[in-house]
Amino acid sequence: MKHLFFGGIHPKYNKEMSTGITEFLTVTPKTVVIPLQQHIGAPCTPLVRVGDRVLRGQKIGDGEGLCVPVHASVSGTVVAIEPRPHTNGRMVNAIVIENDMRDDTVELKGNTTPLAQLDDDTILHAVREAGIVGMGGAAFPGNVKALSAMGHVDTLIANACECEPYITADDSLLRTDAKHVLEGMEILRHVLRPERAVLAVEDNKTEAIAKVKQLLQEHPDIELVVLPTMYPQGSEKQLIQAVTRREVLPGKLPVSVGCAVFNVSTFAAIYRAVRLGMPLIQRIVTVSGEAIAQPQNFIVRIGTPFHDLIEVAGGLHDATERVISGGPMMGFAQSDLQVPVVKATNSILCLLKDRNGAAENPVCLRCGKCVAVCPMRLQPLYMYRFTNAGRIDELKRLNIFDCMECGSCAFTCPGKLPLVETFRKGKAMVREANAK
Ligand code: SF4
Ligand code: SF4
């Protein structure tokens, strides 16, 4: 198969498990937990108090600097503002709302001005006020990313690769609502004025591709690029290489090679923010894996506890070993199923056994397979060895912070070494040493 970026692997994708049901189930939880930090940057300060009544779509937290607001995803009463478990593994201050099941909604002010007459500030303000972040997992504030790309990019890429096994949320979005993804692309194209606007998708999403092709007649300036399926093509740097042949250097951002990449769900959210005035209060989440009774996609209110979704999907198998937020390669195992869906949650994965389990007595065979598949051109076997030996200077020399923890090395390692966990430890050691 044609190789469009360095390294990469072909795991078993298991996407068919959750693509069978095309009717989304809108889940309405009794209580939602809205963390005041769902983005990279500074946390929000609450704008409401315990006992307040809130409306669906109401801004309930905001802050200064690198920060976007959070909103109530249901109408109801604020019953607590306190630290709650977050999918990132930490306790994060959150606003807890008891749902009154009325869905009383704030007055939404969409902007119907023709795009050619819409100014950049109006669009970026709407994106910020809607609390939009990168919905592919990065959670970087959307308005800040767009602002930093203005005047510096010639290529805008909509990322529909969704290369992690099991996850089909973006695929489902394109199959059911590609129109609004393309409208969102037009809005950012208007702000960034790139020479190329590309919707990039992997070739395993045939129905989504057909849907987009149908609609592209109305969007002649948007190009559809179908890429051969390969992991981790959905990572920004690998996608840029696959689409443009440009390589983002270690430590640099996509803008350094004239590119801006946004997830397709983010584009749909941008459309809703600008045209409907609707904040980011719900998203599509895949619930899948061998340990869940009825894998499927849901439209989910932000703040819905994982537990509620798992119940609606038929519950967990008795032999469930792990529940992961995200995919099997880069996701995070969850110990508390009361954690809420946040803006960047694209999947809840329920597994029977550790698919990439480490051996009891792992031994490096020095086969070099990990080096061959690492998309960041790193040397995982040496990073592993030097982390275990505590050799900080060597870890810095090997650019351990360029590791994006994609898990390709661990997947391919015949010695079953716990590579990614070790690199996380290695990075923490370097950070600690730098702090001293
Ligand atoms: S793939 Fe595993 S066994 Fe082979 S060199 Fe890398 S770490 Fe060692
Ligand atoms: S986890 Fe890190 S070292 Fe391993 S393949 Fe991915 S980027 Fe390379």
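As the structure is a prediction and not an experimental result, all values here were calculated from the model.

Colleague: Any details on the sheet that holds strand S9 (residues 155-160)? Residues and values, ideally.
Modeller: Spatially, 4 strands are ordered S11-S10-S9-S12 in an open sheet, and the strand pairing comes out parallel. In the strand order of this sheet, the two ends are held by strand S11 (222-227) and strand S12 (259-263), each with one partner. Within the sheet, the average angular offset between the axes of one strand and its neighbour, ignoring direction, is 25°. Pairing analysis gives 6 bridges linking strand S10 (residues 196-202) to S11, with the strands arranged parallel. Within S11, the residue paired with Val198 across the bridge is Glu223.

Colleague: How would you explain the domain arrangement of the protein if you had to name every residue and give the values?
Modeller: According to the domain assignment, the protein contains domain 1 (1-27 + 105-355) and domain 2 (369-435). Across the side of domain 1 that touches domain 2, the residue classes break down as 9 nonpolar, 4 polar and no charged.

Colleague: For the site of ligand 1, give the residues involved together with the corresponding values.
Modeller: Taken together, 15 residues lie near ligand 1, and Cys364, Cys367, Cys370, Cys413 and Gly415 sit nearest. Contributing elements (two or more residues each) for the shell around ligand 1: helix H9 (369-373) and helix H10 (380-388). The biggest single contributor to the shell around ligand 1 is H10, with 3 residues. Across the shell around ligand 1, the residue classes break down as 10 nonpolar, 3 polar and 2 charged.

Colleague: Tell me what's going on with the nonpolar core, and back it up with residues and numbers.
Modeller: In terms of nonpolar packing, the biggest core is built from 124 residues, with Ile34, Ile157, Ala158, Val181, Ala200 and Ile270 touching the most fellow members. Here the element with the most residues in this core is helix H4 (residues 169-192); it accounts for 11 residues. Sequence-distant contacts of Val181, defined by excluding residues within four places in its chain, comprise Ala158, Leu173, Leu174, Val264, Phe267 and Ala268.

Colleague: How would you sum up the packing of helix H2 (residues 120-129) against helix H7 (residues 264-276)? Please name residues and give values.
Modeller: Two numbers describe how H2 lies on H7: the axes approach to 9 Å, and their chain directions differ by 110°. By the angle between their directions, the pair H2 and H7 is classed as roughly perpendicular. When you trace H2 past H7, the crossing you get is right-handed. Contacts from Ile123, Ala126 and Val127 of H2 reach H7 at Ile270, Ala273 and Val274. Tallied by class, residues from the contact of H2 with H7 come to 6 nonpolar, no polar and no charged.

Colleague: Quick one: what's the story with the site of ligand 2, residue by residue and with numbers?
Modeller: Neighbouring ligand 2 are 14 residues; Cys374, Cys403, Cys406, Ser408 and Cys409 lie closest to it. Secondary structure elements with two or more residues in the shell around ligand 2: helix H12 (408-412) and helix H13 (419-435). If one sorts the elements of the shell around ligand 2 by residue count, H13 sits on top with 3 residues. Classifying every residue of the shell around ligand 2 gives 11 nonpolar, 2 polar and 1 charged.

Reading the values: the criteria
- Residues numbered from 1 in each chain as written.
- Chains lettered and ligands numbered in written order.
- Predicted model: local features only at pLDDT ≥ 70, side-chain atom pairs only at ≥ 80, totals over all residues.
- Pairing = 2+ DSSP bridges.
- Helix = DSSP H or I, 4+ residues; strand = E, 2+ residues; numbered from the N terminus.
- Axes fitted to C-alpha atoms, helices over the stretch in contact; angles between N-to-C directions.
- Domains from an automatic or database assignment.
- Nonpolar A, V, L, I, M, F, W, Y, C, P; charged D, E, K, R; others polar.
- Near = placed C-beta within 6 Å.
- Core = buried A, V, L, I, M, F, W, Y, C linked by C-beta atoms within 7 Å.
- Buried ≥ 20, exposed ≤ 12 C-beta atoms within 10 Å, placed from the backbone.
- Contact = placed C-beta atoms within 7 Å.
- Parallel < 35°, antiparallel > 145°, perpendicular 65-115°, else oblique.
- Left-handed = near helix turned anticlockwise from the far one by under 90°.

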